[in-house]
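Inside the fold
The lines below spell out each chain.
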2 protein chains.
Amino acid sequence: MGGTSTDICRYSGTLEHVMETTTAGITIQAPQLDIQTVAAGGGSRLFFRNGLLIVGPESAGAHPGPVCYRKNGYLTVTDANLVLGRILPDYFPKIFGPNADQPLDKEASFAAMVEITEEVNQFIRSNPSSTKKELTVEEVALGFLSVANEEMCRPIRTLTQSRGYNPSDHVLACFGGAGGQHACAVAKVLGIKLIRIHKYSSLLSAYGIALADVVDESQQPVQTVYAKETFPSMFEIFTNLKSNAISRLSTQGFTENEIDFTFYMHMRYDKTDTAIMISANVDNELSLDKFKSVFEHNYRREFGFILENRNIIVDDLRLRANGKSNFDRERKNPVSDNSQTPLQKSTTTVFFDKQFVEVGIYAFGDMLPGQKLVGPALLIDQNSSILIEPQSTARITDTGDVEIVIEGSSEKNLDTDIDPIHLSIFSNRFMSIAEQMGRILQRTAISTNIKERLDFSCALFAPDGGLIANAPHIPVHLGGMQYTVKFQIDHRGLENIKDGDVYLANHPIAGGCHLPDFTVITPVFFKDQKTPVFFVANRGHHADIGGLVPGSMPPNANHIDQEGASFVSFKLVEDHVFQEDRLIEALKAPGNVAGCSAARNISDNIADLNAQIASNRKGIALITSLIEEYSLEVVHAYMRHIQNTAELCVRDMLKRVGGEVLKKTGQSRLVGEDFMDDGTVIKLTVDIDAEDGSATFDFTGTGPESFSSCNAPRAVTMSAITYCLRCLVEKDIPLNNGCLAPIKIVIPDGTILSPSPTAPVVAGNVLTSQRLCDVILRAFDKVAASQGCMNNLVFGDANCGYYETIAGGAGAGNGFHGRSGVHTHMTNTRITDPEILETRFPAVLREWRLRPGSGGNGKYRGGDGLVRKIQFTRPLTLSLLTERRSFQPYGLHGGNAGERGLNLLKRNGRTANIGSKASFQTEPGDILHIATPGGGGYGLAE
Amino acid sequence: MGGTSTDICRYSGTLEHVMETTTAGITIQAPQLDIQTVAAGGGSRLFFRNGLLIVGPESAGAHPGPVCYRKNGYLTVTDANLVLGRILPDYFPKIFGPNADQPLDKEASFAAMVEITEEVNQFIRSNPSSTKKELTVEEVALGFLSVANEEMCRPIRTLTQSRGYNPSDHVLACFGGAGGQHACAVAKVLGIKLIRIHKYSSLLSAYGIALADVVDESQQPVQTVYAKETFPSMFEIFTNLKSNAISRLSTQGFTENEIDFTFYMHMRYDKTDTAIMISANVDNELSLDKFKSVFEHNYRREFGFILENRNIIVDDLRLRANGKSNFDRERKNPVSDNSQTPLQKSTTTVFFDKQFVEVGIYAFGDMLPGQKLVGPALLIDQNSSILIEPQSTARITDTGDVEIVIEGSSEKNLDTDIDPIHLSIFSNRFMSIAEQMGRILQRTAISTNIKERLDFSCALFAPDGGLIANAPHIPVHLGGMQYTVKFQIDHRGLENIKDGDVYLANHPIAGGCHLPDFTVITPVFFKDQKTPVFFVANRGHHADIGGLVPGSMPPNANHIDQEGASFVSFKLVEDHVFQEDRLIEALKAPGNVAGCSAARNISDNIADLNAQIASNRKGIALITSLIEEYSLEVVHAYMRHIQNTAELCVRDMLKRVGGEVLKKTGQSRLVGEDFMDDGTVIKLTVDIDAEDGSATFDFTGTGPESFSSCNAPRAVTMSAITYCLRCLVEKDIPLNNGCLAPIKIVIPDGTILSPSPTAPVVAGNVLTSQRLCDVILRAFDKVAASQGCMNNLVFGDANCGYYETIAGGAGAGNGFHGRSGVHTHMTNTRITDPEILETRFPAVLREWRLRPGSGGNGKYRGGDGLVRKIQFTRPLTLSLLTERRSFQPYGLHGGNAGERGLNLLKRNGRTANIGSKASFQTEPGDILHIATPGGGGYGLAE
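Residue positions within a chain follow its written sequence, with the count starting from 1. Here chains are named by letter from A upward and ligands by number from 1 upward, in the order in which they appear as written. Totals for whole chains, interfaces and linings use all residues, but because this is a predicted model, local features are given only for residues with pLDDT of at least 70 and pairs of side-chain atoms are given and counted only at 80 or more. As a rule here, side-chain values cover all heavy atoms of the structure and leave hydrogens and water aside.

1. What to know about the overall build of chain A
Helix and strand definitions follow DSSP, with helices as H or I runs of at least four residues and strands as E runs of at least two, each counted in order from the N terminus. From N to C terminus, chain A includes 16 helices and 42 strands. Against the globule reference of 30 Å for 942 residues, chain A gives a C-alpha radius of gyration of 29 Å, in line with a compact fold. Each residue is placed in one exposure class: buried if its accessible area under a 1.4 Å probe, protein chains only, is under 20% of its type's maximum, exposed if it is over 50%, and partly exposed if it falls in between. Burial analysis of chain A (942 residues in total) assigns 61% to the buried set. By definition in these notes, contact holds between two residues if any of their heavy atoms fall within 4.5 Å. For chain A, the share of sequence-separated contacts (at least 6 apart) that also reach a separation of at least 24 residues comes to 69%. Total accessible area computed for chain A in this model is approximately 36,200 Å², and 49% of it derives from carbon and sulfur atoms. Note that His is not counted, nor are the chain ends; the positive residues are Lys and Arg, and the negative ones are Asp and Glu. All charge positions are set by atom: Lys at NZ, Arg at CZ, Asp at CG, Glu at CD. Where the 89 positive side-chain charges of chain A centre and where its 106 negative ones centre are 2 Å apart. C-alpha atoms define the radius of gyration, and 2.2 Å times the number of residues to the power 0.38 defines the globule rule. Only the protein chains shown count as cover for residues, and all accessible areas are computed by the Shrake-Rupley method using a 1.4 Å probe.

Set out below in structure tokens:
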């Protein structure tokens, strides 16, 4: 735990490596330790917004730092610890204030905390239905710490629960100056029983570097089947890697017997994309034949299944040569069974739970191996202070480290009245359930779309179908899933929804966004409740569901039946039995439509649906354990509190915007319009009631539905509005049903935003949705147009099928440039790696780069689009669904428009524009050249 | 001959009626006398422009009238007659001048004629290569009269030669005050030997109305096959019509025996559209069985063939009941064989040919029946003066009318040097050849496209392939046909082009615009000339030539082979033998392309190609007779003179425009750009050399070629430029090769305006061509965008095929509103009548009207588009190719843009936008709703 962030890593004999990490939204593909980072540290700032206690992600930094640093700083986690007596200024270096010679300023921290407490209490008072008592300064400070702790728990759960490990089976080792402050609390939340704090834990990096081994990593791609026949060539490669590593390490003074070797294979099942790094060496010896069993063991643990009869492919061979440091790292001291009471330096008072408690202060240096401290106690040295909470016992080990045994667990005696501290905690917990459902889905699914492109969303719903929490997966799924769950409730009647049933839906009338997105809904029953207490659901994009073209994204459908299999309310599981026969029949049905095929790979559909069911099962388990922890009454109460909070945020935003517009124009009306490439207008009038923060989003005047598939089901508009409101609030609010509560949506039937039930819709979800966001954000005068498109490319034949969406330029806004080469607004999927694309498909990636100058100029520039050129090596059916090939993404406030996109096909020396939507057979040698649109600029360029 | 126009009608026992006439561009469909009108009369103004003597179409009107009217009028035909002594002021009423009390002002006419003569002589002097002597005032005045006479001859040729009658077999009867002035000269030009002038010819209308019968016309549709079985029902209808007519006429005082009855049938061959009105009654008696033979006789005379085994359809029955006037109209006087010399009143001098000749003046009232006057002589009364030219003899008939016998004919001893008078005459003659070729093609073709929609062009070409004259048929054929002829010359070598060969081409590399347009080229040989002395060619749109869809206008072709049969240089006739077998083979070839059909109605292709060959044959006959009349040397010389004249006009215009722009912007550069609906830019930079009036049209920067068929072959750009230059000159200039002589055209290969040889092009011709015109006219800042589209609709199945193009709004310009509901720029075809559409095709026309408000507002408003709704009654393949569904037709100088077009399909309660290009199967009950774009406005609305 550092000043601005906390890093989490799991160690179990070996350090786990990953090939890819994402930090602050940037994905880095390079072998590295599997470390998760969360933006919560001692310097994380504390806010109270719309009824929520919020920690970070903004940091006070070193300058000005926390309030207590005496530099007009911000209220932070450190200040909260100080206010609660957990940090002692006397034991802290006196390096603060303008001359860097003063102690921490506890009074200032307290004063700041008083201020924010008043905000919290104002909020409590403003809620007439609440019987909640006002909070004290210390209760608020402790609340912030609880929120911070809950945030730190999330990445730990990611590395444990969602990988199949129970966190309570682990030891929590913590580092960094602030780590000891939070260790006991975090352990309690996670059910961890043992904490280990190294004697130099606060000097983590410095001490670690001194101890570090010299590691030489080398790797060679092999791309071969794992089989006896290929062992000799792999052995030879490993031998070469090894001799080269020895020669390199010898220049740093290591002899061969000072080097440990670890042999790795990067292994995956044939026709899947998820390779895992497997090490199977024993005592430095290479045993090629052992890799398979380790791979299968790890694969099963990670994904819950193995693929019995499939070849295993070895992508790369990797060698880690470890030149061992000779530093004597662990001097052990004799441990006396020491019952001698440790030497108490002094006492102080620390706030726990409801009150200040007298706590002894002990110096680390005074403690002897084997000596114990029963909490509450503070164990300090010059670099850190460890808080041993009540119901915990610390003990000094023979290596001089601290071991803390946790006896109690955090108590859950909570009532249903809103409590800002628990509001934040529940918000994190609900979100965490959705996130973990997502991880289960990702790792148990088999298709590239879900597993690699991450084209799925998971969410938790109230008994009325209202969204409670949605992991930030795919924005276009946001409003749609809620619609889907509510539809099932209305359609079947709540009383007919049974435990043991799982529903499948993808039809627009049932809240589907387009047919390939299969939504699987499972009701959550609890004990003797007669109706569901929650719903869990997830939506995943299936690679093929039949219809006109492979990939089921036909640009030329005129009827929804041509787009593949559709389900309005299909019992996927009935009374706990998976309905495989009826499912197969339904997936084959599109084959009866003229010119259409049945689903082309039904076994993948079934596998992915099983993963979707499993994901929901995980959600049920997690929500059930939450109910058991807090009681159904409390969980339901906080569910409502969280929805109300989101509503409040949106109303606040609308009141502000409505007031501003009223002042400027005399009426609180916003208007925006833009055109689809076929000339269809999307027209929006937003009438805001600036008094109560409600608004009507009226799409009257929008053009007629399309004969082809640019029709956006109503769920898409709900998603776009939800997403835009979420962006317009400009704060980290929970995203749920409450966001739409103040909103009335008017969409005339027969328009492109409310098409007929038989209208095809596949492109509405992936294209029209983007234009909708542009129009909404234009009405609010916030952001210039983005690329307004997902650039959907599908190709395949009887043997393969591939789908990708290509990023482009984002629009600029007041104060920021548009980002280049990113997915904007309604999608979030990732693109397949060039190596995988070229290995798995008859395609060569000829070019893949930014498209300079395609973003609109302005005071703030629009982001640049991308150029992607793919050459095909055999005949394939190719479909392309794009937009903004006719109309440029507009700028705002004098900013220039971004460049329109362009789709070219190079065939036999002819380079031709294939237009925004196309479907044709490729010929070997064809090069598809896609230039995606840039974003619009904002403001006049200087 | 009236003051501003001359009406021509042919009478041969009965007055011919037509169902439709076009006057000043407006087509009126109502039964009326078959009268052709030409804008040349006594008040037609005289101009000298770019080396040409021009008569009309502007008229001086009554105010201010001709120069001689003493009201600061304009120089007119009347002034020319006055100058030449053909009108005598002494015998004219003294009603001129400010107080309406003065005689005609001959001096003023002469002074004005002196002025224009100086312009003519300046032009002669400015041509250094000419050895032509300067002209006298009288020679110029006589020249203008010759031009006026030649213009009056054109409609006479239309009503005779092009209907299969020889004009010299007719008597010329003339009416109107000025008629007698021109009768002899016109008769000479046409080879007419006898003129008859009624004694009250100058009082035509007044006298005629007094004499007129009372006619009762009634009609009833029957839509039945002409056959014995249907006679009884037809007889009954006629009987009813008759008794109703009798009862109506009886109210006007007619008894049955004062009424003549004429029975008509509106008859046509089954599956053709051209019905003709047949009357076969004998002595007021109805003889139903006689109609067939009269129909066949008339049909053969009109079209040159009959269809032996086809049913004849009777569309309507019609009755004309003629209540005879009792006025005793023709009182005959005894004719003495009167050798008594007529009484000469006085003498005057009249200019003929090269000099003034003394001419006797005779008063009509003094003449006795049977008396003769040998020309030259002037026969006058108070309302008219008849000029009896030399080599003519007039005689008074027993009814008191004048009969003139022409002995000589106009002489043709001309040299090759340019003579402004003959330049105009040749211009009219060349144009007349093209027009008559067109009439032959129209009447001998069998397909609706050519016969009814008039989708064809005919033209005459120089031995080098340069266009000489093109009847104003389809603008988009203009540049293309010249390209096609030149290609054949280059491709085969002039020496290999043989008499007896006819070539067929439609491929873009051979100058084709799109494949359905078949160009048939015939070389013209003369006597012992080794190489062709001219080429005649015509281009006709064939209804189906195979390929992806019926009608051969597929919106979804990606290769030219999918668009049907193509010909680069096919010998349609070789050594006088029609190559039917090879032709059929070529028309079947598209059937070998995947997904494509062979030509679907090869017998129609063959019939139309035969008509095209016949049209060329007519052209050859006409040009041969012209050569025989004037000599090859002279005809070739005037061919070049006319091309040079066109070049001169264009250079004058470019000098003026270039100079203006240079003054305004410092450089003589014009730029224009616009976008196709798919976002492809068409970019034009025109660099004018204001010194010599040349210009480079550079399309560099234009977007890439399309994978589908919006590619415009280079010939299309040539056509568009030719057309626009012709418009920009704003004068009636001959349209030929010379227009493009000062122009250099730069089109980068691989762009939408110069596509690869394998690129499909069908929509380039009908859509991109229109956008090109908009861009050129925008560069010249002349006219706001028009609908930019031809709205091509094709539907059909195995049993029928239909093609139409739908009009829209025209752009406004400085000083004029855009016209509503018209075809603009590159096309000129007409739409099928609702009755024919509904009778012949499984379609019902639900709505067909203007689209109010779709034109852009402005100081000058853009024209409105149209709404057309067609309902289909059985499954058909429908293809739609349209533009301006995305981008609005822009306004200019602050004028608003016109509304974009919209294509909707109503099916099963769903109304969906089918986009700008679509191809699909209709279902019974489907309604196609097409709203065509409006034109852009010009200037700010007040």
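2. Observations regarding unusual backbone geometry
The linkage connecting Gly 56 of chain A with the following residue, Pro 57 of chain A, adopts the cis geometry, with an omega of 0°. Within the secondary structure, Pro 57 of chain A sits in strand β8 (residues 52–59). Even without glycine at this site, Asn 908 of chain A takes up a positive phi of about 50°. Structurally, the position occupied by Asn 908 of chain A is in the loop between β39 (902–907) and β40 (910–913). Of note in the backbone geometry, Ser 631 of chain B takes a positive phi value of approximately 90° without being a glycine. With a relative accessible area of 31%, Ser 631 of chain B lands in the partly exposed category.

3. Let's talk about the interface of chain B and chain A
Taken together, the contacts link 31 residues of chain B with 31 residues of chain A. Buried area counts how much accessible surface, traced with a 1.4 Å probe, disappears from two parts once they are put together, with both parts' losses summed. Contact between chain B and chain A buries roughly 2,200 Å² in total, counting both sides, with carbon and sulfur atoms accounting for 53%. Broken down residue by residue, the surface that chain B buries against chain A is led by Phe 707, Arg 910 and Asn 913 of chain B, which jointly contribute 35%. Any carboxyl oxygen of Asp or Glu within 4 Å of a side-chain nitrogen of Lys or Arg constitutes a salt bridge here. Linking chain B to chain A there are two salt bridges. What qualifies as a polar contact is a pair of N or O atoms within 3.5 Å, subject to a donor-acceptor requirement within protein and to the restriction that residues adjacent in sequence count only when both atoms come from side chains. Run the count over chain B and chain A and you get 16 residue pairs in polar contact (both at pLDDT 80 or more). Mapped onto the side of chain B that touches chain A, the elements with two or more residues apiece are β32 (705–706), β39 (902–907) and β40 (910–913) of chain B. Relative to β40 of chain B, strand β32 (residues 705–706) of chain A runs parallel, the two being bridged by two bridges. Looking at β40 of chain B, one finds that Glu 705 of chain A is bridged to Ala 912 of chain B. In this analysis, strands are considered paired if DSSP registers two or more bridges between them.

4. A word on the packing of helix α10 (residues 478–492) of chain B against helix α14 (residues 714–729) of chain B
Residue and element names in this part refer to chain B. Interaxial angles span 0 to 180 degrees and are taken between N-to-C directions of axes, which are lines fitted to C-alpha atoms, for helices over the stretch in contact. One can describe the packing of α10 onto α14 by two numbers: an axis separation of 6 Å at closest approach and a directional angle of 130°. It follows from the interaxial angle that α10 and α14 lie oblique. Of the two possible hands of crossing, α10 and α14 adopt the one that is right-handed. Here Leu 478, Gly 479, Gly 480 and Tyr 483 of α10 lie close against α14, whose contacting residues are Arg 714, Ala 715, Met 718, Ser 719, Thr 722 and Tyr 723. Here the residues of the contact of α10 with α14 are counted per class, giving five nonpolar, four polar and one charged. An angle below 35 degrees is treated as roughly parallel, one above 145 as roughly antiparallel, one from 65 to 115 as roughly perpendicular, and anything else as oblique. Helix crossings get a hand from a simple test, with the near helix turned counterclockwise from the far one by less than a right angle marking a left-handed crossing and a clockwise turn marking a right-handed one. Each residue gets one label: Ala, Val, Leu, Ile, Met, Phe, Trp, Tyr, Cys and Pro are nonpolar, Asp, Glu, Lys and Arg are charged, and the others, such as Gly, are polar.

5. Re the pattern of salt bridges
Tallied over the entire structure, the rule returns 76 salt bridges over all chains. Arg 771 of chain A serves as the salt-bridge partner of Glu 883 of chain A, at 3.0 Å between the closest nitrogen and oxygen. Separated by 112 residues along the polypeptide, Glu 883 of chain A in the loop between β38 (877–881) and β39 and Arg 771 of chain A in helix α15 (residues 762–779) bring together distant segments of the chain. The same class applies to Glu 883 of chain A and to Arg 771 of chain A, which are both buried. In this structure, Arg 154 of chain B engages Glu 435 of chain B in a salt bridge whose closest nitrogen and oxygen atoms are separated by 3.1 Å. Of this pair, Arg 154 of chain B sits in helix α3 (residues 137–159) while Glu 435 of chain B sits in helix α8 (residues 420–444), and the two are 281 residues apart along the sequence. Classification of Arg 154 of chain B as partly exposed rests on a relative accessible area of 23%. Residue Glu 435 of chain B is classed as buried on the basis of its relative accessible area, which comes to 15%.

6. Section: the packing of aromatic side chains
All names here are of chain B. Stacked, tilted and edge-to-face pairs are distinguished by plane angle, under 30 degrees for stacked and over 60 for edge-to-face with tilted covering the rest, among Phe, Tyr and Trp rings (Trp via its six-membered ring) whose centres lie within 6.5 Å. Across all of its chains, the model carries 37 aromatic pairs over all chains by this definition. Seen in terms of ring centroids, Tyr 269 and Phe 295 are 5.1 Å apart; in terms of plane orientation they differ by 65°. Their pairing is edge-to-face. Of the two residues, Tyr 269 sits in strand β12 (residues 259–269) while Phe 295 sits in helix α7 (residues 291–303), which places them 26 residues apart along the sequence. Geometrically, a lysine NZ or arginine CZ counts as sitting over a ring once it is within 6 Å of the ring centre and also within 35 degrees of the ring normal. Sitting over the face of the ring of Tyr 264, Arg 318 holds its NZ or CZ atom 5.0 Å from the ring centroid. A cation sits over an aromatic face here: Arg 778 above Tyr 890, 3.6 Å from the ring centre.

7. Details of a nonpolar patch on the surface
Residues form patches when they are more than 30% accessible in relative terms and have no salt bridge. Like charges link within 9 Å. Nonpolar side chains (Val, Leu, Ile, Met, Phe, Trp, Tyr) link within 5 Å. A contiguous nonpolar patch, built from Tyr 11, Leu 15, Leu 33 and Ile 35 of chain A and spanning about 350 Å² of accessible area, is present on the exposed surface. Inspection of the secondary structure assignment puts Ile 35 of chain A in strand β6 (residues 35–38).

8. Thoughts on the packing of helix α12 (residues 602–630) of chain B against helix α13 (residues 632–665) of chain B
Residues and elements named next belong to chain B. Contact pair α12 / α13: the axes reach a minimum separation of 6 Å and the direction vectors enclose 110°. By the criterion of interaxial angle, the relationship of α12 to α13 is roughly perpendicular. Contacts from Ile 623, Leu 626, Ile 627 and Tyr 630 in α12 reach Leu 632, Val 634 and Val 635 in α13. Broken down by class, the residue content of the contact of α12 with α13 amounts to seven nonpolar, no polar and no charged.

9. Concerning the sheet that holds strand β28 (residues 577–578) of chain B
Residue and element names in this part refer to chain B. Spatially, β23-β22-β26-β25-β24-β27-β28 is the arrangement adopted by the seven strands of the open sheet, whose pairing is antiparallel. A single partner strand is all that each edge strand has here, and the edge strands are β23 (467–470) and β28. Strand direction decides the pairing type here: strand β24 (residues 502–505) and strand β27 (residues 570–574), joined by three bridges, are antiparallel. Directly across from Leu 504, in β27, lies its bridge partner Phe 570. Lying on the sheet, α12 is in contact with β22 (456–461), β24, β25 (517–524), β26 (534–541), β27 and β28; it crosses β25 at an angle near 35°.

10. Comments concerning the pairing of strand β42 (residues 927–931) of chain A
Residues and elements named next belong to chain A. β42 sits mainly inside the fold: five of its five residues count as buried. Burial along β42 is two-sided: Ile 927, His 929 and Ala 931 facing one way and Leu 928 and Ile 930 facing the other are all buried. The sheet contact formed by strand β37 (residues 865–872) and β42 spans five bridges and is antiparallel. Note on β42: the bridge partner recorded for Ile 870 is Leu 928. Across five bridges, β39 lies against β42 in antiparallel orientation. The residue bridging Asn 903 from the neighbouring strand is Ile 930, located in β42.

11. Description of the relation of the copies chain B and chain A
Between chain B and chain A, the superposition needs a rotation of 179° and an axial shift of 0.2 Å, giving an RMSD of 0.3 Å. Those values place the two copies in the arrangement expected of a two-fold rotation axis. Here 100% of the interface residues in chain B have copies in chain A that are interface residues too; the copies meet face to matching face. Least-squares superposition of the copies uses the C-alpha atoms of those residues scoring a pLDDT of at least 70 in each of them.

12. Brief notes about the confidence of the model for chain A
Across chain A, pLDDT averages 88, with 96% of residues at or above 70. Scoring the predicted complex yields pTM 0.77 and, for the interface, ipTM 0.76. Confidence of the prediction at every residue is given by pLDDT, a number between 0 and 100.

13. Description of the environment of Arg 778 of chain B
All names here are of chain B. Structurally, the position occupied by Arg 778 is in helix α15 (residues 762–779). Taking the relative accessible area as the measure of exposure, Arg 778 reaches 27% and is therefore partly exposed. Spatially, the C-alpha atoms of Arg 778 and His 17 are 44 Å apart, while their sequence positions differ by 761 residues. Residue contacts for Arg 778: discarding those within four places in its chain leaves Val 671, Glu 673, Asp 674, Tyr 890 and Leu 892. At a separation of 2.7 Å, a polar atom in the side chain of Arg 778 contacts the main-chain carbonyl oxygen of Glu 673.

14. What about α15 of chain A?
Residues and elements named next belong to chain A. A helix is expected to reach a length of 1.5 Å times the quantity of its residues less one. The end-to-end C-alpha separation of α15 is 26 Å, in line with the 26 Å expected for 18 residues at 1.5 Å each. For α15, the principal kink sits at Thr 768 and spans about 35°. In terms of burial, α15 is largely enclosed, as 17 of its 18 residues are buried. Backbone geometry just downstream of α15 places Asp 781 in the positive-phi region, at approximately 60°. The quantity called bend is, for any residue, the angle between two axes fitted respectively to the seven residues ending at it and the seven beginning at it.

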